[in-house]
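What follows is each chain in one-letter form.
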Amino acid sequence: MKEKKSTIARITLGLFSLLNTSRKIIINLVFFTVLLIFIIAITRDEKNITVKPGSALILNIRGDIVEQKHDIDPMDAFISEALEQPDTATEVLITDILSVIKHAETDERISAIVLDLENMQGSGITKLSDIAKALTQFKSQGKKIIAIGEQYSQNQYYLASYADDIWLNPKGWMLLDGYGRYQLYFKSALEKLAISQHIFRVGTYKSAVEPYIRDNMSAAAKEANQVWLSDLWQQYKIDVAQQRNFAVSNFDENIDVLVTKLKAANGNVAEYALANNWVDALKTREQVQQDLINVIGSDGNKGYKNIAFNDYLTLINANTSMESLNENKIAVIVAKGTILAGNQKPGTIGGTSTAALLREARDNKSVKAVVLRVDSPGGSAYASEIIRQEVELLKAAGKPVVASMGTYAASGGYWISAPADKIYASPTTITGSIGIFGFFMTFENTLSKLGIHTDGVGTTDIAGFGITRELTPGMANIIQLNIERGYRDFIELVANNRNMTTEQVDAIAQGRVWSGSKALELGLVDALGNLDNAIEAAAELANLEDYDKLLIEKEKSPRALLLQSLLGQALILFGQPTNSYYSENTLTSLISTLSLELKQLAQLNDPQGIYSFCLACDIE
């Protein structure tokens, strides 16, 4: 018996020793990795990044194009990059893309841009249009743009159409399927789970809650969605057709026509694309490499002279001069993402945190005007109101406010834009959706199936109200009255700021979504233009001829700034994964969609449960 204990003890001791040794090894690895990164950061000089004369700038955008990045821990991001793990949350600032193209335009060392868009993922046509304008300006300097790809998504092809030449792999893929709005509906599933859903809304077209009360899209929602989706698709076709020098009718929207053309190309999509003038040539990888060497010049190492997007961005940022001493500033504040109550991280709009940024601009004596860049489908009605109040205080302080709408500025996004002195939108901005809804679930029936019940006493009729009890008619009336009051507040807000009557606003409200072009016709916005146009308008309103831009954003902690600097330097040295393209299979894609729908619902945190949110604004 004693020998048995001794054997067990030896095994236990051995396992403990192994775990302890492994722990030390891991700690040492982490320590020396951080030490190496630190050494790299303090010894590396951005001037080591060189641009050979006649080089091509490779615009290899990786991830979603956004107005503002989500706040992600730098160490987590570094580890994901280092392990080359699929990262579906990679984001690139549109301001960085525009800055890179603008600098390359006047950089005598840059002779061309190569559009390598394989890893470019989500982006609205509004952002793509801004990038396209920058590419057009680049070409106006006599510089060439070549697009290369083994396949082109619809967004990728939009930018590729602005190239002088588009090359596609002979076995590549490219079909333009237009815009659609399809979503999951949960009514029957909720009934099977005995979950009681309580919906309160105002607006014939306020369809954000339809997935929970229907199993299909209502006729009213289909009618409204078809209008703004058609506006966006028409703009896409006009832009691409103009660049490719063919008729808008060249888009094969009829499936029978498309099948006929594919049969003529022997089922080869790449051959179809070439015959239909979507692309200029079909080239293998080796042919692409050799032809780029011929056009641009050899780097002396079996490649063509080039500098990648991130390297060029690092170079121009390192050469950026210190902040100007100009006392006249136009502040730019980005309001991007769902509007939620309280303090929120960048990438999400917080009623408290975004209002604090506006207050900072109000208190800054150098700031003479503010541009509020809105890229949001809305969210909490209460948080939207807190932000609106700060916009009004800015105006009262004598500082003009101009709203600049990005891809979205709908529902709560329009609420915070409405009080601006002037509103700019792009033709393809998704806006409007002026409506209010309240939504929550109770689980009394679900719990009763499990034998769980709620009972008790209270001193009033409304005591004990919660998700485990049935909603009483009286409480339902209170909530509905509050929702109706919120809708009246919304249309009165729009009427007062847009010089319209409440009847006129109500006629174009009711939760209906509009494109930027249509919103201009309806009087919901003042002009069509991008962020630069909005900044110029703000300067004009403030009577400024000489001014600088000032981006006001939530400051990172010293720790985050240090890690971001150190880890960023390491990524530059070691390089990024050559291919981060990640494609979900059909099942994981469905699960991701369902998860996103539920997450979107769960994060809504309005203290009164009242929302001005445009769920229908997402498009496929």
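Residues numbered from 1 in each chain as written. Predicted model: local features only at pLDDT ≥ 70, side-chain atom pairs only at ≥ 80, totals over all residues. Heavy atoms only, no water.

Participant: Requested: an account of the confidence of the model for the protein chain, with residues and values cited.
Facilitator: Counting all residues, the mean pLDDT for the protein chain is 84, and 78% of those residues have values of 70 or more. When mean pLDDT is compared element by element in the protein chain, strand 16 (residues 422–425) scores highest at 97, while helix 21 (residues 558–574) scores lowest at 47. Across residues 566–575, where pLDDT falls below 50, the model places 26 contacts with residues more than four positions away in sequence or in other chains. A low-confidence stretch, residues 577–585 (pLDDT under 50), is modelled with 15 contacts involving residues beyond four sequence positions or located in other chains. (pLDDT = per-residue confidence, 0-100. Helix = DSSP H or I, 4+ residues; strand = E, 2+ residues; numbered from the N terminus. Contact = heavy atoms within 4.5 Å.)

Participant: I'd like a description of the nonpolar core, backed by residues and values.
Facilitator: The biggest cluster of nonpolar side chains holds 66 residues, and the ones touching the most others in it are L135, Y157, Y236 and W278. Residue contacts for Y236: discarding those within four places in its chain leaves I125, Q154, Y157, Y158, L176, Y179 and F251. Of all hydrophobic cores here, the second largest spans 52 residues; its members include I434, L471, V505 and A519. (Core = buried A, V, L, I, M, F, W, Y, C linked by side-chain atoms within 4.5 Å. Buried < 20%, exposed > 50% of the residue type's maximum accessible area, 1.4 Å probe, protein only.)

Participant: Give a detailed account of the sheet that holds strand 5 (residues 144–151), specifying residues and quantitative values.
Facilitator: Read from one edge of the open sheet, six strands run 8-6-5-4-1-9, paired in parallel fashion. The outermost strands of the open sheet, each flanked by one partner alone, are strand 8 (281–282) and strand 9 (306–308). Contacts between helix 11 (residues 285–296) and the sheet are confined to strand 1 (55–59), strand 4 (110–116), strand 5, strand 6 (165–173) and strand 8, with strand 5 contributing the most and set at about 175 degrees to the helix. (Pairing = 2+ DSSP bridges. Axes fitted to C-alpha atoms, helices over the stretch in contact; angles between N-to-C directions.)

Participant: Which residues make up the packing of helix 13 (residues 351–363) against helix 14 (residues 381–396), and what values go with them?
Facilitator: Interhelical geometry of helix 13 versus helix 14 gives an angle of 5 degrees and a closest axis separation of 8 Å. Comparing the axis directions of helix 13 and helix 14 gives the class roughly parallel. Taken together, the residues of helix 14 that come into contact with helix 13 (itself represented by G351, T354, A355, L358, R359, A361 and R362) are A383, I386, I387, E390, V391, L393 and L394. For the contact of helix 13 with helix 14, the class distribution of residues is nine nonpolar, two polar and three charged. (Parallel < 35°, antiparallel > 145°, perpendicular 65-115°, else oblique. Nonpolar A, V, L, I, M, F, W, Y, C, P; charged D, E, K, R; others polar.)

Participant: Describe unusual backbone geometry, naming the residues involved and giving the relevant values.
Facilitator: Phi at N266 is positive, roughly 55 degrees, even though this residue is not glycine. Judged by relative accessible area, N266 falls into the exposed class, the value being 74%. Positive phi outside glycine occurs at S433, with the angle close to 55 degrees. Following the sequence through the fold, S433 ends up in the loop between strand 17 (430–432) and strand 18 (436–442).

Participant: Describe in detail the side chain of K127, supporting the description with residues and values.
Facilitator: Mapped onto the elements of the fold, K127 is located in helix 4 (residues 125–139). A polar side-chain atom of K127 sits 3.0 Å from a polar atom in the side chain of D375. Once residues lying within four places of it in the same chain are set aside, the contact partners of K127 are I65, V66, E67, I94, D375 and T407. (Polar contact = N/O pair within 3.5 Å; in protein donor to acceptor, adjacent residues only side chain to side chain.)

Participant: Please provide a residue-by-residue account of the packing of helix 3 (residues 94–106) against helix 12 (residues 309–318), values included.
Facilitator: Axis angle and axis distance: for two packed helices, these are the angle between their axes and the distance between the axes, and together they describe the pair. Contact geometry for helix 3 and helix 12: axes closest at 10 Å, N-to-C directions at 80 degrees. Viewed along their axes, helix 3 and helix 12 adopt a mutual orientation that is roughly perpendicular. Contacts between helix 3 and helix 12 involve D96, I97, S99, V100, H103 and A104 from the former and F309, Y312, L313 and I316 from the latter. Its residues assigned to classes, the contact of helix 3 with helix 12 comprises seven nonpolar, two polar and one charged.

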